[in-house]
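# Fold and geometry: a report
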Amino acid sequence: DQQVKQNSPSLSVQEGRISILNCDYTNSMFDYFLWYKKYPAEGPTFLISISSIKDKNEDGRFTVFLNKSAKHLSLHIVPSQPGDSAVYFCAARGRSNYQLIWGAGTKLIIKP
Amino acid sequence: ETGVTQSPTHLIKTRGQQVTLRCSSQSGHNTVSWYQQALGQGPQFIFQYYREEENGRGNFPPRFSGLQFPNYSSELNVNALELDDSALYLCASSPRERGASYEQYFGPGTRLTVT
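Residues numbered from 1 in each chain as written. Chains lettered and ligands numbered in written order. Predicted model: local features only at pLDDT ≥ 70, side-chain atom pairs only at ≥ 80, totals over all residues. Heavy atoms only, no water.

### A look at the overall build of chain B
- Along its length, chain B carries zero helices and 11 strands.
- Ordering the α and β elements of chain B from the N terminus gives β-β-β-β-β-β-β-β-β-β-β.
- Relative to a compact globule of 115 residues, whose C-alpha radius of gyration would be 13 Å, chain B shows 13 Å and is just as compact.
- Principal-axis analysis of the C-alpha atoms places the extent of chain B at approximately 40 × 25 × 25 Å.
- Put simply, 55% of the contacts in chain B that link residues at least 6 apart link residues at least 24 apart.
- Within chain B, one finds 9 positive and 10 negative side-chain charges whose respective centroids are separated by 4 Å. (Helix = DSSP H or I, 4+ residues; strand = E, 2+ residues; numbered from the N terminus. Rg over C-alpha atoms; globule rule 2.2 N^0.38 Å. Contact = heavy atoms within 4.5 Å. Lys, Arg positive; Asp, Glu negative; His and termini not counted. Charge placed at Lys NZ, Arg CZ, Asp CG, Glu CD.)

Structural data, given as structure tokens:
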């Protein structure tokens, strides 16, 4: 039972364009969502988060949008840079207040 | 500020053996979580420790156990290793006092291979 789904295993985007990574969830009790970025041989690095009481959060080139009615969130990166090439994970805070439920990740490739 | 460190980096064990993985949390962080990440999947929550007590557990059998020490470092122990235990084991620390531990800071992981 996958409560957090990232349906695109990979995404290729031209440098300078917008990258949009998507995430769907099934549990309406999730109240906090996070995006992490992971390079090979490194642990995930926190990128940006959003509370369920908001529909948008912006931090520099990164913006996360939350659509609660659709149980969908997306991460926008603009403009995309070569250093953005990594695996991006969406995670949601579970009911228990300590457990993060993770998607399977989307590999983003930024083409020069 | 020192980040989260894990040891060893890589480990090869035989089925049935026991293994101990170690984690040093980031300075000032009193909460440590352990995750298992199989190839091509997202991390799966194993358990969390807060002030030396287990503070929540995911869907893992009792042969997965842990400890947190007074300096907030932590160990993950796995007994009776099975082939399916082969994975990347990630440790993450967070500063609990700042509110719920949403933002977790990860170490580079320990790659465990069970043969």
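### A few points about the interface of chain B and chain A
- On the chain A side, the residues contacting the 20 residues of chain B number 19 residues.
- Roughly 1600 Å² is buried in total at the junction of chain B and chain A, and carbon and sulfur atoms are behind 60% of that figure.
- Counting across the chain B and chain A interface gives zero salt bridges.
- Counting across the chain B and chain A interface gives two residue pairs in polar contact (both at pLDDT 80 or more).
- Every element with two or more residues in the side of chain B that touches chain A is listed here: strand 4 (31-37), strand 5 (44-50), strand 6 (53-57) and strand 9 (87-94) of chain B.
- Sort the elements by how many residues they give to the side of chain B that touches chain A and strand 6 of chain B lands first, with three residues.
- Of the residues belonging to the side of chain B that touches chain A, the class tally is nine nonpolar, nine polar and two charged. (Buried area = accessible area lost by both parts, 1.4 Å probe. Salt bridge = Lys/Arg side-chain N within 4 Å of Asp/Glu carboxyl O. Polar contact = N/O pair within 3.5 Å; in protein donor to acceptor, adjacent residues only side chain to side chain. Nonpolar A, V, L, I, M, F, W, Y, C, P; charged D, E, K, R; others polar.)

### A word on the nonpolar core
- One finds Phe33, Trp35, Leu73, Leu75 and Tyr88 of chain A to be the most contacted residues of the largest nonpolar core, which totals 24 residues.
- At the level of secondary structure, the elements contributing two or more residues to this core comprise strand 3 (19-25), strand 4 (32-38), strand 5 (45-51), strand 7 (62-67), strand 8 (72-77), strand 9 (86-93) and strand 11 (106-111) of chain A.
- Residues within four places of Leu75 of chain A in sequence aside, it is in contact with Ser19, Ile20, Leu21, Trp35, Leu47, Ile48, Phe62, Thr63 and Tyr88 of chain A.
- Membership of the second largest hydrophobic core comes to 20 residues, among which are Phe47, Phe64, Ala87 and Cys91 of chain B. (Core = buried A, V, L, I, M, F, W, Y, C linked by side-chain atoms within 4.5 Å. Buried < 20%, exposed > 50% of the residue type's maximum accessible area, 1.4 Å probe, protein only.)

### Description of the side chain of Ser33 of chain B
Residues and elements named next belong to chain B.
- Inspection of the secondary structure puts Ser33 in strand 4.
- Overall, the relative accessible area of 0% leaves Ser33 in the buried class.
- Within polar-contact distance, the side chain of Ser33 engages the side chain of Gln48 at 3.0 Å.
- Ignoring sequence-local partners within four residues, the contact set of Ser33 consists of Phe45, Phe47, Gln48, Leu90, Cys91, Ala92 and Gln104.

### A look at the sheet that holds strand 6 (residues 56-59) of chain A
- Overall, antiparallel pairing links the five strands, which are arranged 1-3-8-7-6 (chain A) in an open sheet. The outermost strands of the open sheet, each flanked by one partner alone, are strand 1 (4-5) and strand 6 of chain A. (Pairing = 2+ DSSP bridges.)

### Looking at the environment of Ile50 of chain A
All names here are of chain A.
- Structurally, Ile50 can be placed in strand 5.
- You can call Ile50 buried: its relative accessible area is 2%.
- Linking Ile50 and Ala92, residues 42 residues apart in sequence, is a C-alpha distance of 9.7 Å.
- Beyond its immediate chain neighbours, meaning those up to four positions away, Ile50 contacts Tyr32, Phe33, Asp55, Lys56, Asn57, Val64 and Leu66.

### Thoughts on the pairing of strand 9 of chain A
Residue and element names in this part refer to chain A.
- The element strand 9 is largely enclosed, with a buried count of seven among its eight residues.
- For strand 4 and strand 9, the ladder comprises six bridges, and the chain directions are antiparallel. When the bridges of strand 9 are listed, Phe33 appears paired with Ala92.
- With three bridges joining them, strand 9 and strand 11 adopt antiparallel strand pairing. Within the sheet, the bridge partner assigned to Val87 lies in strand 11 and is Lys107.

### Comments concerning the side chain of Ser80 of chain A
Residue and element names in this part refer to chain A.
- Assignment of secondary structure puts Ser80 in the loop between strand 8 and strand 9.
- From its side chain, Ser80 meets the backbone oxygen of Ile77 in a polar contact 3.5 Å long.
- Discounting residues that sit within four places of it in the chain, Ser80 has contacts with Val13, Gln14, Glu15, Gly16, Arg17, Ile18, Ser19, Arg61 and Ile110.

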